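Now for the letters of each chain:
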Amino acid sequence: MEKTTTVTFRYGALSPGIEEQAKEQGFTLGEDAELFQRVADVRAMLFVRGYMTDAQERSITQKISDDIARHLVPLKGVTEE
């Protein structure tokens, strides 16, 4: 049976960076970390500036989170049992 791990990310202006949050949970985004941070920052900017409705923001945030989850790599020795 495959083990499932729940990983959550906060996207607020005062939240730690995406890679920092991933590492706190035993994962890394490796070379993709900067790209995903930029994507998260753009999401925040578009929402704050009024280019997205609340519903669009929720949908886009879910898509970003799903994409990040697909790119997470466990840190060696942290998530392995």
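Scroll up to find the structure this text is about.
Thresholds applied
Residues numbered from 1 in each chain as written. Predicted model: local features only at pLDDT ≥ 70, side-chain atom pairs only at ≥ 80, totals over all residues. Heavy atoms only, no water. Helix = DSSP H or I, 4+ residues; strand = E, 2+ residues; numbered from the N terminus. Contact = heavy atoms within 4.5 Å. Areas by Shrake-Rupley, 256 points an atom, 1.4 Å probe, with all protein chains shown as cover. Lys, Arg positive; Asp, Glu negative; His and termini not counted. Charge placed at Lys NZ, Arg CZ, Asp CG, Glu CD. Buried < 20%, exposed > 50% of the residue type's maximum accessible area, 1.4 Å probe, protein only. Polar contact = N/O pair within 3.5 Å; in protein donor to acceptor, adjacent residues only side chain to side chain.

Engineer: Would you mind showing me how to read the overall build of the chain here?
Structural biologist: In terms of helices and strands, the chain carries 3 helices and 2 strands. Taken over the C-alpha atoms alone, the chain extends approximately 45 × 25 × 20 Å along its principal axes. Long-range pairs, those at least 24 residues apart, make up 49% of the contacts in the chain with a sequence separation of at least 6. A total accessible area of about 6,100 Å² is found for the chain, and carbon and sulfur atoms account for 53% of it. Side-chain charges of the chain comprise 10 positive and 14 negative groups, with the mean position of each set lying 5 Å from the other.

Engineer: Teacher, can you tell me more about the side chain of Glu-57 here?
Structural biologist: Mapped onto the elements, Glu-57 comes out in helix H3 (residues 54-71). Those residues within four positions of Glu-57 in sequence are excluded, and the remaining contacts are Arg-43, Phe-47 and Met-52.

Engineer: Explain the environment of Asp-66 here, please?
Structural biologist: Position of Asp-66 among the secondary structure elements: in helix H3. Accessibility expressed as a relative area gives 35% for Asp-66, which makes it partly exposed. Engagement of the side chain of Asp-66 in a polar contact is seen with the side chain of Gln-62, the distance being 2.8 Å.

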